[in-house]
Amino acid sequence: MDLSVTCECGLKTQVTPTMCGSSVACDCGKAIQIPRLSELRRNAGLPPVMVGVADKLQSMLVDGLLPAEVGCVSCGSPTNLYLTCEIECERMFAKKPSYASYFLQFLFAPVWILGATKREYDNPEVHGRELVVKTPIRICETCYSKINLNRETCIRFMLSNELYAKLLARYPNALVVWETALRRSNKAMDTKGSIDAP
Ligand SMILES: [Zn+2]
Ligand SMILES: [Zn+2]
């Protein structure tokens, strides 16, 4: 089941959870407002149970309330450093041809094939659905340099957050990914404040 929004004109446009709260342009030219994730998933007939948790985490992230803990998840000492992690509960795979291959075909293909390729580029084939939740954890520099970060340690740290734990319990086989550098929670330093991994 895919997430989509319907325009006044009747056309459906596919959207992803990360687009919630923004708007998307319909083929007719009108801008369609994308509702909250919970509403989207409800419209798509997806189970409401996880909507609560994923949706809550998404809005907490937007409101700057994550990571929720005030100290390092490992030693508890106060720090403004955090690691961006993601729980990929359900992943949507889009087979989008690269612009390079599109361009090569532009050079060598007859016009009718070009039309087909252009359509393929604009409307990539989409498989499955997507539920990827950002789950930052606060961790100090000392612990970060000492700890061998892998799936197990990452999950152990995430379990200290009640909502992350709920999500992991619901999706035990979820893919867990994390960034290779710490970030600073100070918004002003966010872009330049990351520290290289040891
Ligand atoms: Zn429309
Ligand atoms: Zn620490």
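Residues numbered from 1 in each chain as written. Chains lettered and ligands numbered in written order. Predicted model: local features only at pLDDT ≥ 70, side-chain atom pairs only at ≥ 80, totals over all residues.

## Some remarks on the overall build of the protein chain
Regarding its fold elements, the protein chain presents seven helices and twelve strands. When each of the 198 residues of the protein chain is scored for burial, the buried share is 20%. Long-range pairs, those at least 24 residues apart, make up 60% of the contacts in the protein chain between residues at least 6 apart in sequence. (Helix = DSSP H or I, 4+ residues; strand = E, 2+ residues; numbered from the N terminus. Buried ≥ 20, exposed ≤ 12 C-beta atoms within 10 Å, placed from the backbone. Contact = placed C-beta atoms within 7 Å.)

## Examining unusual backbone geometry
Residues Leu66 and Pro67 are joined by a peptide bond in cis, for which omega reads -5 degrees. Structurally, the position occupied by Pro67 is in the loop between helix H2 (48-62) and strand S5 (81-83).

## Details of the nonpolar core
In terms of nonpolar packing, the biggest core is built from 30 residues, with Val133, Ile137 and Ile139 touching the most fellow members. Those elements that place two or more of their residues in this core are helix H1 (37-43), H2, S5, strand S6 (85-90), strand S9 (131-134), helix H6 (151-158) and helix H7 (162-170). Among the domains, domain 1 (1-46) and domain 2 (47-92 + 128-198) are the pair contributing at least three residues each to this core. With sequence-adjacent residues up to four places away left out, Val133 is seen in contact with Ala54, Leu57, Gln58, Glu86, Ile87, Cys89 and Leu167. (Core = buried A, V, L, I, M, F, W, Y, C linked by C-beta atoms within 7 Å. Domains from an automatic or database assignment.)

## Brief notes about the sheet that holds S9
What the three strands build is an open sheet, ordered S9-S6-S11; its pairing is antiparallel. Of all the strands in the sheet, just S9 and strand S11 (175-178) have a single pairing partner and so form its edges. Each strand of the sheet is rotated relative to its neighbour by a mean of 20 degrees, with strand direction disregarded. Across the sheet, H6 is in contact with S6 and S11; its angle to S11 comes to roughly 90 degrees. (Pairing = 2+ DSSP bridges. Axes fitted to C-alpha atoms, helices over the stretch in contact; angles between N-to-C directions.)

## Structural notes on the environment of Tyr171
You can see Tyr171 is positioned in the loop between H7 and S11. If we ignore the near neighbours within four places in the chain, the residues touching Tyr171 are Ile87 and Cys89.

## Quick word on the environment of Lys12
For Lys12, the position within the fold is in strand S2 (residues 12-14). On the basis of neighbour count, Lys12 is assigned to the exposed category, with 12 C-beta atoms found within 10 Å. Considering only alpha carbons, one finds Lys12 and Cys26, 14 residues apart in sequence, at a separation of 7.9 Å. Discounting residues that sit within four places of it in the chain, Lys12 has contacts with Ser4 and Thr6.

## A look at the environment of Glu152
Tracing the backbone shows Glu152 in helix H6. Considering only alpha carbons, one finds Glu152 and Val176, 24 residues apart in sequence, at a separation of 9.4 Å.

## Points about the sheet that holds strand S12 (residues 183-184)
Spatially, the three strands line up as an open sheet ordered S10-S5-S12, and their pairing is antiparallel. This sheet does not close on itself; its edge strands, each paired only once, are strand S10 (137-138) and S12. Bridge analysis of S5 against S12 gives two bridges, and the strand direction is antiparallel. By the bridge assignment, Leu81 is partnered in S12 with Arg184.

## Some words on the confidence of the model for the protein chain
Chain-level pLDDT for the protein chain is 76 on average; 70% of the residues reach the 70-or-more range. The secondary-structure element of the protein chain with the lowest mean pLDDT is strand S8 (residues 125-127), recorded at 44, while S10 shows the highest, at 95. Long-range and interchain partners of residues 119-128, a stretch whose pLDDT sits below 50, account for 17 contacts in this model, where long-range means more than four residues apart. Scored below 50 in pLDDT, residues 187-198 shows 16 contacts in the model against residues more than four places distant or in partner chains. (pLDDT = per-residue confidence, 0-100.)

## Quick notes on the pairing of S6
In this sheet, S11 lies alongside S6 in antiparallel orientation, the contact comprising four bridges. Counted as the bridge partner of Cys85 is Trp178 from S11. By the bridge criterion, four bridges tie S6 to S9 in an arrangement that is antiparallel. Its bridge partner being in S9, Glu90 is matched across the sheet by Leu131.

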